[in-house]
Amino acid sequence: MIDLVDAHFYLVFVGIFAIGLYTMLDSPNLVKKVIGLNLVQVSVFLVFVSAGYVEGAAPPLLTLEHPHANPLPHAIVLTAIVVGVSLTAVALALVVKLYHEFGTIDVHEIERLMEDSHE
Amino acid sequence: MIVLELVLAGFLLLTALLVALLRDPIEATAVFAAFSLGLAVVWVLLAAPDVALTEAAVGAGVMVILLLIAVARTEWEPSTVDRGRLSSFQGPNPRAVIVIAAISIPLVYTVTSFPDIGDPNAPAVSQVDPAGESSPYHHYIGETAQSLDLPNSVALVLAVFRNLDTLGEVVVAFTALIGVLIVLDRTRITAPRDEPAVEELDYPDPYVMSPVGTTAVRLVIPLVFVFGVYLTLHGAVLPGGGFQGGVVMGASIILMALVFGHRPTGNWVDERLLVWVITIGVGLFLSIAVGSYLIGGSLFDVEAYPIDTVLVVDVLEVAIGLLVGGVVTALVLVMALGPTDDVSESAEQRGDRP
Amino acid sequence: MSIELWIVGLLAFGSLFFTVVGVVGLYRLPDIYTRAHAVTKADTLGAGFALVAVAVAIGSTSAVLKAALLFAIVFVANPTAVHLLVRAAYSRDVSVWTTTDHQQGEQP
């Protein structure tokens, strides 16, 4: 029997990961694909930080009492969040540029327009 | 406590599902902001206040503003015609659901074989390894932090143990700004004063500043900026640090851009100042990295300096804060300006409309 | 049950009450202008009660000061944000709900 309650943030990770991936696959809207990418990214953060948590832990400040949460995943996630916002900005700049070129952010439309221009 | 966790988990899944199913990107963005705030509370529950601060400032603040700018600069016509109550949701796509299920089922299987969250004997958090010796975790959090007198061990990891990772992150943020500038075909962060404002957002009238908004923002911005400085300088002692402080400082400028308009704000901040802030941030970081090598330590050895290590960490935090704040502000300002029109094209347009 | 606990409980209940009123208003009222009215007033009050509850529960001077500062910022930021939202809606000619709409049965 799987202990659902103790693992629930891991299960939430799977849920958010699946939903984010689904958004990226299914939505024809490029902005929504970027949001889906963010959901996937955030779900991975959830695994990292959950793995570093100890029952009844205090934040990793030495001035507080034992036990502390593991600071390593926190530091990695901090860097990853800022990398994530950089990534989002570049992706959105590409979306805006695509709209500037094609007049739409629907992937199917853009594919059609590209095929037309090749012929 | 367990009730709160379950409610939050449900909230996260529900908002994520809404993001996936809502058609209109503006609605999806709004729900994504709510998702990020819920996530910030989850980080607090998981004893990660540093991550929570960053998530609240980045996820619910800067990220949403970037998404809104992208939505405002593009148009989205839902292809279906009926605009009834339910049609703002997208129906599930069976093929995508099958793919997702094929990925999720092994993931669930993997995840349930992990040690329980919060288990003190789990390898990730255990203080004693199976051989009975102190684990690396114990080394990180206990001995080094104590000997350096650096209470916030997240800052310790960022600035001492994994500072090359942080350097990589600094480079990524810097590259992202260059990338956005290249993609949008701009050579400058703020608009040149003579560039005519394009009618990009279909406002019926020219935008008039709201007196309520400007008054409130004038009240709040100094507080927000000072809070950012405080977070940056206290990163070694309290939750916070360069990332959070930088984003909060950048957010105060972005707030100004939202209310006073991004062009006046860009001109007020001045491109040269932004470029200097970013350059000083990167330069400070790199000079600390190389400096320790020059005075006889190894590369990026913050303990090699003859001054207090906490002070070196503080300088690193300030460097990160300057860089992150500058980059975040510049990203939003450039995105708000949008792509430049092709020179020949705009010349033609000017010819058409004398 | 100490008196302090009762005060905190009452304040938390007040916060919950006003937030629920705000949510009900958001759901039930017909257009953005009336909804903004419900959300701004009720939510600001709800957040205020919650912060006072936190200040009483923790009780230290620094906690009270922080709660006061947060309350001041919420008090300024929340109505301003909603004001800007409504202003944008008005300048984009989002139609105002009137009683005739109700008689025609267009809006719930």
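Residues numbered from 1 in each chain as written. Chains lettered and ligands numbered in written order. Predicted model: local features only at pLDDT ≥ 70, side-chain atom pairs only at ≥ 80, totals over all residues. Heavy atoms only, no water.

Re the overall build of chain C
- Along the backbone of chain C there are 4 helices and 0 strands.
- Secondary structure of chain C in N-to-C order comes out as α-α-α-α.
- Taking 108 residues into account, the globule formula puts the C-alpha radius of gyration at 13 Å, and chain C, at 18 Å, lies well above it.
- For chain C, with 108 residues in total, the buried portion stands at 25%.
- Partitioning the contacts of chain C with sequence separation of at least 6, the portion at a separation of at least 24 is 68%.
- Total accessible area on chain C is roughly 7300 Å²; 73% of this is exposed by carbon and sulfur atoms.
- Charged side chains in chain C number 6 positive and 6 negative. The centres of these two groups are separated by 7 Å. (Helix = DSSP H or I, 4+ residues; strand = E, 2+ residues; numbered from the N terminus. Rg over C-alpha atoms; globule rule 2.2 N^0.38 Å. Buried < 20%, exposed > 50% of the residue type's maximum accessible area, 1.4 Å probe, protein only. Contact = heavy atoms within 4.5 Å. Areas by Shrake-Rupley, 256 points an atom, 1.4 Å probe, with all protein chains shown as cover. Lys, Arg positive; Asp, Glu negative; His and termini not counted. Charge placed at Lys NZ, Arg CZ, Asp CG, Glu CD.)

Describing the nonpolar core
- Residues Phe-32, Phe-35, Trp-43 and Met-335 of chain B are the most contacted members of the largest nonpolar core, which totals 140 residues.
- Residue contributions to this core peak at 17 residues, all from helix H12 (residues 309-337) of chain B.
- A domain-level breakdown of this core finds at least three residues from each of domain 1 (1-75 + 90-115) and domain 2 (144-354) of chain B.
- Not counting residues within four places of it along the chain, the set of residues in contact with Phe-35 of chain B comprises Ile-16, Leu-39 and Val-42 of chain A together with Leu-12, Thr-15 and Ala-16 of chain B.
- Counting 5 residues, the second largest nonpolar core, distinct from the first, contains Ala-36, Val-82, Val-86 and Ala-89 of chain C. (Core = buried A, V, L, I, M, F, W, Y, C linked by side-chain atoms within 4.5 Å. Domains from an automatic or database assignment.)

Structural notes on the side chain of His-74 of chain A
- With respect to the element layout, His-74 of chain A can be found in helix H3 (residues 71-102).
- If near-sequence neighbours (up to four positions away) are discounted, His-74 of chain A is found in contact with Val-49, Pro-60 and Ala-69 of chain A together with Leu-46, Ala-47, Ala-48, Val-51 and Val-154 of chain B.

Focus on unusual backbone geometry
All names here are of chain B.
- Within the chain, Ala-47 stands out as a residue other than glycine whose phi angle is a positive 60°.
- With respect to the helices, strands and loops of the structure, Ala-47 is situated in the loop between helix H2 (25-45) and helix H3 (49-73).
- Classification of Ala-47 by relative accessible area gives buried; the value is 4%.
- Non-glycine residue Asp-270 carries a positive phi angle of around 75°.
- Here Asp-270 lies in the loop between helix H10 (262-269) and helix H11 (271-294).
- Overall, the relative accessible area of 27% leaves Asp-270 in the partly exposed class.

Section: the pattern of salt bridges
- A complete count under the given rule lists 5 salt bridges over all chains for this structure.
- Residues Arg-112 of chain A and Asp-116 of chain A are paired through a salt bridge, measuring 3.6 Å at the closest nitrogen-oxygen approach. With Arg-112 of chain A and Asp-116 of chain A both in helix H4 (residues 107-118) and 4 residues apart, the pair spans about one turn of that helix.
- Its relative accessible area of 42% is what places Arg-112 of chain A among the partly exposed residues.
- Note that Asp-270 of chain B is salt-bridged to Arg-272 of chain B, the shortest N-O span being 2.9 Å.
- The network of salt bridges with shared partners includes Glu-109, Arg-112 and Asp-116 of chain A. (Salt bridge = Lys/Arg side-chain N within 4 Å of Asp/Glu carboxyl O.)

Details of the confidence of the model for chain A
- When pLDDT is averaged along chain A, the result is 85, and 94% of the positions lie at 70 or above.
- Mean pLDDT across the secondary structure elements of chain A bottoms out at H4 of chain A, with 85, and peaks at helix H2 (residues 30-51) of chain A, with 91. (pLDDT = per-residue confidence, 0-100.)

Thoughts on the interface of chain A and chain B
- Each partner contributes residues to the interface: chain A has 76 residues there, and chain B has 99 residues.
- Our count for the chain A to chain B interface comes out at 0 salt bridges.
- On inspection of chain A and its partner chain B, the count reaches 4 residue pairs in polar contact (both at pLDDT 80 or more).
- Elements with a minimum of two residues in the side of chain A that touches chain B: helix H1 (8-26), H2 and H3 of chain A.
- For the side of chain A that touches chain B, the element with the most residues is H3 of chain A, which contributes 22 residues. (Polar contact = N/O pair within 3.5 Å; in protein donor to acceptor, adjacent residues only side chain to side chain.)

So, a nonpolar patch on the surface
All names here are of chain B.
- On the surface, a cluster of nonpolar side chains totalling about 540 Å² of accessible area is made up of Val-290, Tyr-293, Leu-294, Ile-295 and Leu-299.
- Positionally, Tyr-293 belongs in helix H11.
- Residue Tyr-293 is classed as exposed on the basis of its relative accessible area, which comes to 52%. (Patch = residues over 30% accessible without salt bridge, like charges linked within 9 Å, V, L, I, M, F, W, Y side chains within 5 Å.)

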